[in-house]
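# Structure at a glance
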Amino acid sequence: MTLITDVRLRRTLDSRGNPTVEADVLTESGGFGRAAAPSGASTGEYEAVERPPSEAIAAAREHAVPRLVGEAYAGNQREVDAILRAADGTDDFSEIGANSAVAISMAAAKAGADVLGAPLFQHLGGTFRGGNFPIPLGNVVGGGEHAADATDIQEFLAAPVGAPSVEDAVFANAAVHEAVANLLEERGVACGKGDEGAWAPSIDDAEAFEIVDEAVSLVEDEVGFEIGFGLDVAGAELYDSDSETYEYSDESRDTDEQIAYIAELVDEYDLVYVEDPLDEDDYDAFAELTDEVGDETLICGDDLFVTNTERLREGIDRDAANSILIKPNQIGTLSDAFDAIELAIENGYDPVVSHRSGETEDATIAHLAVATDAPFIKTGAVGGERTAKLNELIRIADDAT
Ligand SMILES: C=C(OP(=O)(O)O)C(=O)O
Ligand SMILES: [Mg+2]
């Protein structure tokens, strides 16, 4: 029933106005799935390769589509993803592009779910999923590679850890986003938004900490449950490998100073989450920081692990972190993303399913998070391509009750 009868690929727009790859997968019994690839700006060096969409589409049409149509079953995700890998023939999807691969992989999953008449999360995770929901981490202030002339730290994230429901959590993050705007206005700081819909004011990190801390407390008082906050430092973007220092606008820190600085921030602001505090090649420094503050907060590897089980295995062996960011397009297929989540959970690492800075209306990651019982999802706080995922979580929860 789920035999694939057609795979259509086209260029569509992403949230930055750049072209991306959209895939449609059709099956023998009329099943249909559509998905589109997101795209990073602060990409990790070890990610699977995104090719220019026209090239990725041409290469996938030549190498992957003929191996899928009439040959593979959309309901068999591992088979589809193995064919994508074999058709590509490289370790990093540099032939058909991770953007073509992930779009086809996610579209096949949706077509498989469509034939079954099951929600995507249930097709991916089984019938007993849908009882637990991830806590959304919402980007409320940001800079780095996501906005010019804003904070050095890439993302300041609201983390409504005490929310009684996913709906409460989603609305709490939007309220923190609004509270930040009000506080900025009171201080006479005009600003626009960065790629992920976070405010991108021209202020230093110290002032951003003050504002986000205050916004979180204000909303916490309003809603009556605990809201923490976290960071994506995007350390690899700050790190200068020649001088071996982390370059902030006002300061330069060597690795020991960077570890001490992050540990201080964890204590001062009770941070519940710190992503990529250090460079993507520095497992040792990650391990040192995790040893220092890993009992108090999540130390999450994004560019460090790039959703790759080999890199995660190394991190586990070296006690480098206690959490991993999961971005399906960093590795190229849903099966690979699943394997990374399972390896993480088996080893006590919290998986955080994540959007990219360049996004689409696709909401697959909401289903992936529910399907795998992931404790967190990072998908922004506001903006259509962000609320596509947040509202999908609300719908899944609503359908489950
Ligand atoms: C979402 C992120 O940004 P990008 O997609 O630019 O890598 C991130 O670094 O976690
Ligand atoms: Mg990151």
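Residues numbered from 1 in each chain as written. Chains lettered and ligands numbered in written order. Predicted model: local features only at pLDDT ≥ 70, side-chain atom pairs only at ≥ 80, totals over all residues. Heavy atoms only, no water.

The name recorded for the protein in an unreviewed UniProt entry is Enolase, from Natronobacterium haloterrestre. For the record of the protein, the UniProt heading Sequence similarities (unreviewed entry) holds the text "Belongs to the enolase family." Per its UniProt entry, the protein bears the Pathway (unreviewed entry) comment "Carbohydrate degradation; glycolysis; pyruvate from D-glyceraldehyde 3-phosphate: step 4/5." (UniProt positions renumbered as here; feature names shortened; annotations may be inferred.)

## Structural notes on the overall build of the protein
When its secondary structure is counted, the protein shows 15 helices and 16 strands. Taken over C-alpha atoms, the radius of gyration comes to 20 Å for the protein, in line with the 21 Å a tight globule of 401 residues would show. Along the first, second and third principal axes, the C-alpha set of the protein runs to 60 × 50 × 40 Å. Here the protein, with 401 residues, has 60% of them falling under the buried criterion. (Helix = DSSP H or I, 4+ residues; strand = E, 2+ residues; numbered from the N terminus. Rg over C-alpha atoms; globule rule 2.2 N^0.38 Å. Buried < 20%, exposed > 50% of the residue type's maximum accessible area, 1.4 Å probe, protein only.)

## Re the coordination of the magnesium ion (ligand 2)
Note on the magnesium ion (ligand 2): its protein donors are Asp232 (OD), Glu275 (OE) and Asp302 (OD). The metal-donor distances range over 2.0 to 2.2 Å. Read in sequence order, the donor residues coordinating the magnesium ion (ligand 2) give the pattern D-x42-E-x26-D. Placement of the pair is aspartate 232 in strand S8 (residues 228-232) and glutamate 275 in strand S12 (residues 273-275), with a sequence separation of 43 residues. For the pair formed by aspartate 232 and glutamate 275, the shared burial category is buried. (Donors = N, O, S within 2.8 Å, 3.2 Å for Na, K, Ca; no water.)

## Let's talk about the pairing of strand S14 (residues 323-326)
Of the two faces of S14, the one carrying Ser323 and Leu325 and the one carrying Ile324 and Ile326 are both buried. In this view, the connection linking strand S13 (residues 298-301) to its parallel neighbour S14 by way of helix H11 (residues 309-317) has right-handed handedness. As paired elements, S14 and strand S15 (residues 350-354) share four bridges and run parallel to each other. Within S15, the position partnered with isoleucine 326 by the bridge is valine 353. (Right-handed = clockwise from strand over helix to strand, strands pointing away. Pairing = 2+ DSSP bridges.)

## Here's the deal with the domain arrangement of the protein
Partitioning the protein into structural domains gives domain 1 (4-117) and domain 2 (135-400). Once you take the C-alpha centre of each, domain 1 and domain 2 turn out to be 27 Å apart. Listed by partner, the interface residues are 32 residues for domain 1 and 29 residues for domain 2. Buried area between domain 1 and domain 2, both sides added, is near 2,500 Å², and the carbon and sulfur share of it is 47%. Our enumeration of links across domain 1 and domain 2 arrives at five salt bridges. The salt bridge involving arginine 85 is made with aspartate 336; its shortest N-O contact spans 3.0 Å. On inspection of domain 1 and its partner domain 2, the count reaches 21 residue pairs in polar contact (both at pLDDT 80 or more). Counting only elements with at least two residues in the side of domain 1 that touches domain 2, the list comes to strand S3 (32-36), helix H3 (77-88) and helix H4 (98-116). At seven residues, H4 tops the list of elements feeding residues into the side of domain 1 that touches domain 2. Its residues placed into classes, the side of domain 1 that touches domain 2 shows 14 nonpolar, nine polar and nine charged. (Domains from an automatic or database assignment. Contact = heavy atoms within 4.5 Å. Buried area = accessible area lost by both parts, 1.4 Å probe. Salt bridge = Lys/Arg side-chain N within 4 Å of Asp/Glu carboxyl O. Polar contact = N/O pair within 3.5 Å; in protein donor to acceptor, adjacent residues only side chain to side chain. Nonpolar A, V, L, I, M, F, W, Y, C, P; charged D, E, K, R; others polar.)

## Brief notes about unusual backbone geometry
Of note, glutamate 244 is a non-glycine position whose phi angle comes to about 55°, a positive value. The backbone of aspartate 373 shows a phi angle near 60°, a positive value even though the residue is not glycine. With respect to the element layout, aspartate 373 can be found in the loop between helix H14 (364-371) and strand S16 (376-378).

## Here we look at the site of ligand 1
Taken together, 16 residues lie near ligand 1, and Ala41, His146, Arg356, Ser357 and Lys378 sit nearest. Between an oxygen atom of ligand 1 and a side-chain N or O atom of glutamate 275, the distance comes to 2.9 Å. One of the side-chain N or O atoms of aspartate 302 is found 3.0 Å from an oxygen atom in ligand 1. Relative to its free-state accessible area of 290 Å², ligand 1 is covered by the protein chains to the extent of 100%. Residue composition of the shell around ligand 1, grouped by class: two nonpolar, six polar and eight charged. Viewed by domain, the shell around ligand 1 spans two of them, domain 1 (4-117) and domain 2 (135-400), each represented by three or more residues. (Near = heavy atom within 4 Å. Areas by Shrake-Rupley, 256 points an atom, 1.4 Å probe, with all protein chains shown as cover.)

## What about the sheet that holds strand S2 (residues 19-27)?
Overall, antiparallel pairing links the three strands, which are arranged S1-S2-S3 in an open sheet. The open sheet is flanked by strand S1 (4-13) and S3, the only strands paired with a single partner. Pairwise comparison of adjacent strand axes, ignoring direction, gives a mean angle of 15° for this sheet. Relative to S3, S2 is paired through five bridges, and the arrangement is antiparallel. Bridged to leucine 26 within S3 is phenylalanine 32. Contacts from helix H1 (residues 53-63) reach S1 and S2, with the element oriented near 170° to S1. (Axes fitted to C-alpha atoms, helices over the stretch in contact; angles between N-to-C directions.)

## Overview of the UniProt feature "binding site: substrate" (unreviewed entry) in the protein
The positions that UniProt labels "binding site: substrate" (unreviewed entry) are, in the present scheme, His146, Glu155, Glu275, Asp302, Ser354, His355, Arg356, Ser357 and Lys378. The residue aspartate 302 is located in the loop between S13 and H11 in this model. Aspartate 302 has contacts with Asp232, Glu275, Asp276, Leu325, Lys327 and Gln330, leaving out every residue within four places of it along the chain. If you trace the backbone, histidine 355 turns up in the loop between S15 and H14. We classify histidine 355 as buried; its relative accessible area is 1%. Dropping the residues within four chain positions of it, histidine 355 is found in contact with Glu196, Lys327, Ile365, Lys378, Thr379, Gly380 and Arg386.

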